[in-house]
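The chain contents come next:
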Amino acid sequence: MTRPPDETGIETLIQLMSRLPGLGPRSARRAVLAMLKRRAQVMAPLAQSLAEVALNARDCRICGNISTADLCPICQDPSRATGELCVVEDVADLWALERAGVFRGRYQVLGGTLSALDGLGPEELGIPRLVARVSDEAVTEVILALSATIDAQTTAHYIADALTVTTAQITTLAQGVPVGGELDHLDDGTLGAALRARRKL
Ligand code: ZN
């Protein structure tokens, strides 16, 4: 049986959508159908918004946050040069901490955890750059706000070792982060408590 040509592009759209986290082919199809039923109210503004973000979004040159400029608003804000630097795995974790509103310093996004399988080594995660930054910006405390998964904890210890050449104090989130838990799944209260009660690594 040959597939009919995808004249409308709907099949392509479904295929692209099904690559998103949390969406399989079935839910992608459902989402596309829902959009098609509300073309003017949902689909057209969504398409415009997607095009706009795709065109404007870039990674902050310093911390890896997603921004529209070369430097994100946090890196541009002088009041956030507190000497505290919070290391997170993913932009989603940075957003979670910002939502919780408990941290006033700056960030560095690793973009993953050390993984030979995924080809993620210290260089890919920007760890040498992090060490240089800690010295250059006179950072006094590095908070390793990584998940409680084994890979993330291995990464945290690697970073702590790499940072022994600096004078910064290394801390990590306190209890409250469930073992195996991922940061951006925590509610704001729990995340705030874990940050406030951070301890020396
Ligand atoms: Zn930044």
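Each remark here, short or long, concerns the structure printed above.
Computed from a predicted structure; not experimentally measured.

Peer 1: Describe the packing of helix α6 (residues 127-136) against helix α7 (residues 150-162), with residues and values.
Peer 2: One way to put it is that α6 packs onto α7 with a least axis distance of 10 Å and a crossing angle of 45°. The orientation of α6 relative to α7 falls into the category oblique. Two packed elements cross with a definite hand, and for α6 against α7 that hand is right-handed. Facing α6, whose interface residues are Ile127, Leu130 and Val131, α7 presents Tyr158, Ile159 and Ala162. Taken together, the residues of the contact of α6 with α7 break down into six nonpolar, no polar and no charged.

Peer 1: Before we move on, could you go through helix α5 (residues 91-100) and cite the residues and values that matter?
Peer 2: Along α5, the residues classified as buried are Val91, Asp93, Leu94, Ala96, Leu97 and Ala100. Looking at the packing, one finds that the buried side of α5 touches β2 (66-67), α4 (73-76), β3 (84-88), β4 (106-109) and α8 (188-196). Between the side-chain oxygen of the N-cap and the backbone nitrogen of Ala92 there are 3.1 Å, and the N-cap of α5 in question is Asp90. Note on α5: the residue one or two positions beyond its end, Gly101, has a positive phi of about 65°.

Peer 1: Talk me through the coordination of the zinc ion; I want residue IDs and the actual numbers.
Peer 2: Those protein atoms acting as donors to the zinc ion are Cys60 (SG), Cys63 (SG), Cys72 (SG) and Cys75 (SG), and they sit at 2.3 Å. For the zinc ion, the four donor atoms in the first shell make angles of 104 to 116° at the metal, so the coordination geometry reads as tetrahedral. Note on Cys60: relative accessible area 4%, which makes it buried.

Cut-off values and rules
Starting from 1, residues in each chain are numbered consecutively following that chain's sequence as written. Where local features are concerned, this predicted model is filtered to residues with pLDDT of at least 70; where side-chain atom pairs are given and counted, the filter is 80 or more; whole-chain, interface and lining totals use all residues. Side-chain descriptors were evaluated using all non-hydrogen atoms of the structure, hydrogens and water having been removed beforehand. To define axes, lines are fitted to C-alpha atoms, for helices over the stretch in contact only, and angles between the resulting N-to-C directions are given on a 0 to 180 degree scale. Helix and strand assignments come from DSSP, with helices taken as H or I runs of at least 4 residues and strands as E runs of at least 2, each series counted from the N terminus. Each angle is binned into one of four classes, with values under 35 degrees roughly parallel, values over 145 roughly antiparallel, values of 65 to 115 roughly perpendicular, and all other values oblique. By convention the crossing between two helices is left-handed if the near helix lies anticlockwise of the far one by an angle smaller than a right angle, and right-handed if it lies clockwise. Contact definition: two residues touch when any of their heavy atoms are within 4.5 Å. Three classes are used: nonpolar for Ala, Val, Leu, Ile, Met, Phe, Trp, Tyr, Cys and Pro, charged for Asp, Glu, Lys and Arg, and polar for all others, with Gly counted as polar. Note on classification: 1.4 Å probe, protein chains only; a residue is buried when its accessible area is under 20% of the maximum for its type, exposed when over 50%, partly exposed between these limits. Residues adjacent in sequence count toward polar contacts only when both atoms are side-chain atoms; beyond that, a polar contact is any pair of N or O atoms within 3.5 Å, and within protein one must be able to donate a hydrogen and the other to accept it. Listed donors are limited to N, O and S atoms within 2.8 Å of the metal, widened to 3.2 Å for Na, K and Ca; water is not among them, so incomplete-looking sites are possible. Key to geometry: four donors with every angle between 85 and 135 degrees are tetrahedral; four donors are square planar and six octahedral where opposite donors lie over 155 degrees apart and all remaining angles lie between 65 and 115; all other sites are irregular.

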